[in-house]
Amino acid sequence: MSAPRAEIEILADPAALAERVADWMARIVRPKKERVAICLSGGSTPHLLYRTFATRKRIPWRRVHWFWGDERFVPPGDPMSNFHMAETALLSRAPVPASNIHPVRTEGVTPAGSAALYEAELQSFYGAARLEPARPLFDVTLLGLGIDGHTASLFPGSPALEERTRWTAAVEGQTPRRVTLTYPALGSSAHVAFLVAGAEKRRVLRELWQGDSNLPAARLRPEGQLHFFVDAAAAG
Ligand code: 6PG
């Protein structure tokens, strides 16, 4: 499979990256007259973006639904929780209806059970159990990039990398354990944007852009447009 063509933007620093991506997301969301589905990334890079996007004007908050590309299997109030990060940085700072927030369940269930529940929630929202290439599940999917080339919780060597049917998977080999969307679900998006910042990402980003197809992030094939928003430190 040839690597998808990507739109690359290099921003001066993390603050400029957050401002640019907030504007980019706002321009996608504002004209929408129907429901909008945004799949959020975890990790530290998007935190400033989430704070920035919460301040954007003329966002149709009542129509925007929020999902996660992966979750650490910790309580929702745990500082390691991706839900917690997005809740404190964005969702609690804007008029977001509670019914529009679709977290991964991490209490009273096993990771495998949570993955099954999340797949059911995604399919209920989508209205079908089969993804149609012409009708992406998400309008925007935000992703980070680990120094080992992982994205979401698709780590090198993980069985989840081979999943082409299920929309979610439990990831047992990490501490804490994870639940992740799989390539079919992450790729079912009109826009996929990798947000990459920091000098520590320079090597892996170069490997990714040079087409190292062994990296989990390199194996994503979005239905829509692939974007990289990176800061100068990561772009080298
Ligand atoms: C997570 C993320 C993960 C993250 C990368 C980059 O749950 O941690 O989904 O894929 O995006 O590890 O993390 P940083 O932004 O902290 O570098």
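Up top you'll find the structure we're talking about.
Residues numbered from 1 in each chain as written. Predicted model: local features only at pLDDT ≥ 70, side-chain atom pairs only at ≥ 80, totals over all residues. Heavy atoms only, no water.

Participant: Which parts of the structure should I look at to understand the overall build of the chain?
Facilitator: Along the chain, the regular secondary structure elements total seven helices and nine strands. Its C-alpha radius of gyration of 16 Å places the chain within 12% of the 18 Å reference for a compact globule of 236 residues. Seen through its principal axes, the chain has C-alpha atoms that stretch 45 × 40 × 35 Å. Per-residue burial for the chain yields a buried fraction of 53% across its 236 residues. In the chain, the share of contacts with a sequence separation of at least 24, taken over all contacts with a separation of at least 6, comes to 77%. Of note, the chain has its 28 positive side-chain charges centred 5 Å away from the centre of its 24 negative side-chain charges. (Helix = DSSP H or I, 4+ residues; strand = E, 2+ residues; numbered from the N terminus. Rg over C-alpha atoms; globule rule 2.2 N^0.38 Å. Buried < 20%, exposed > 50% of the residue type's maximum accessible area, 1.4 Å probe, protein only. Contact = heavy atoms within 4.5 Å. Lys, Arg positive; Asp, Glu negative; His and termini not counted. Charge placed at Lys NZ, Arg CZ, Asp CG, Glu CD.)

Participant: Teacher, can you tell me more about the site of the ligand here?
Facilitator: Close to the ligand lie 15 residues; Ser 44, Thr 45, Asp 70, Ala 152 and Lys 201 are nearest. A distance of 2.7 Å separates an oxygen atom of the ligand from a polar side-chain atom of Asp 70. His 150 is positioned such that a nitrogen or oxygen atom in its side chain is 2.7 Å from an oxygen atom of the ligand. Here the shell around the ligand is built from residues that sort into two nonpolar, nine polar and four charged. (Near = heavy atom within 4 Å. Polar contact = N/O pair within 3.5 Å; in protein donor to acceptor, adjacent residues only side chain to side chain. Nonpolar A, V, L, I, M, F, W, Y, C, P; charged D, E, K, R; others polar.)

Participant: I tried to follow a nonpolar patch on the surface on my own but got confused; where do I start?
Facilitator: Together, Ile 8, Ile 10 and Trp 209 make up an exposed nonpolar region whose accessible area comes to about 280 Å². In this structure, Ile 10 sits in strand E1 (residues 6-11). (Patch = residues over 30% accessible without salt bridge, like charges linked within 9 Å, V, L, I, M, F, W, Y side chains within 5 Å. Areas by Shrake-Rupley, 256 points an atom, 1.4 Å probe, with all protein chains shown as cover. Salt bridge = Lys/Arg side-chain N within 4 Å of Asp/Glu carboxyl O.)

Participant: How do you make sense of the packing of aromatic side chains when you look at a structure like this?
Facilitator: To describe a pair of aromatic rings, you give the distance between the ring centres and the angle between the ring planes. All chains considered together, the criterion is met by 10 aromatic pairs. A centroid spacing of 6.2 Å and a plane angle of 70 degrees characterise the contact between Phe 53 and Trp 66, whose relative ring orientation is edge-to-face. Pair noted here: Phe 53 is in helix H2 (residues 47-53) and Trp 66 is in strand E3 (residues 64-68), with a separation of 13 residues, a long-range link. Phe 53 gets classed as buried once you look at its relative accessible area, which sits at 1%. A relative accessible area of 0% means that Trp 66 is categorised as buried. An aromatic cluster is built from Phe 53, Trp 61 and Trp 66, whose rings are joined through pairwise contacts. When the ring centre of Phe 125 is taken as origin, the NZ or CZ atom of Arg 35, which lies over that ring, is 3.7 Å away. The ring of Tyr 126 carries the charged tip of Arg 135 above its face, separated from the ring centre by 3.7 Å. (Phe/Tyr/Trp six-rings, centres within 6.5 Å; stacked < 30°, edge-to-face > 60°. Lys NZ or Arg CZ within 6 Å of the ring centre and 35° of its normal.)

Participant: Explain helix H1 (residues 14-29) to me, please; I cannot follow it from the model alone.
Facilitator: Across its 16 residues, H1 extends 22 Å between first and last C-alpha, which sits within 8% of the 22 Å expected from 1.5 Å per residue. The set of residues buried in H1 consists of Leu 17, Ala 18, Val 21, Ala 22, Trp 24, Met 25, Ala 26, Ile 28 and Val 29. With a side-chain oxygen lying 3.1 Å from the backbone nitrogen of Ala 15, the N-terminal cap of H1 falls on Asp 13. (Expected span 1.5 Å × (residues − 1).)

Participant: Even after reading the chapter, I still don't get the environment of Ala 112, so can you show me in this structure?
Facilitator: Its place among the elements puts Ala 112 in helix H4 (residues 111-126). Taking C-alpha positions, Ala 112 is 32 Å from Phe 53, a pair spaced 59 residues apart along the chain.

Participant: What am I meant to see in the sheet that holds strand E7 (residues 178-181) here?
Facilitator: Two orientations exist for strands paired in a sheet by backbone hydrogen bonds: parallel and antiparallel. Spatially, three strands are ordered E4-E7-E6 in an open sheet, and the strand pairing comes out antiparallel. Pairing within the sheet leaves two strands with one partner each, and these edge strands are strand E4 (70-72) and strand E6 (168-171). Neighbour to neighbour, the strand axes of the sheet diverge by 15 degrees on average, direction disregarded. Its contacts with the sheet put H4 on E6 and E7, and the angle it makes with E6 is roughly 165 degrees. (Pairing = 2+ DSSP bridges. Axes fitted to C-alpha atoms, helices over the stretch in contact; angles between N-to-C directions.)

Participant: I would appreciate a short explanation of the sheet that holds E3 in the present structure.
Facilitator: Taken in spatial order, the six strands of this open sheet run E1-E9-E8-E5-E2-E3, and their pairing is parallel. A strand with exactly one partner marks an edge of an open sheet, and here the two such strands are E1 and E3. Ignoring which end each strand starts from, the neighbouring axes of this sheet average 20 degrees apart. Across five bridges, strand E2 (residues 36-40) lies against E3 in parallel orientation. Within E3, the position partnered with Cys 39 by the bridge is Phe 67. Where helix H6 (residues 202-209) meets the sheet, it contacts E1, strand E8 (189-196) and strand E9 (225-231), and its direction lies at approximately 150 degrees from that of E9.

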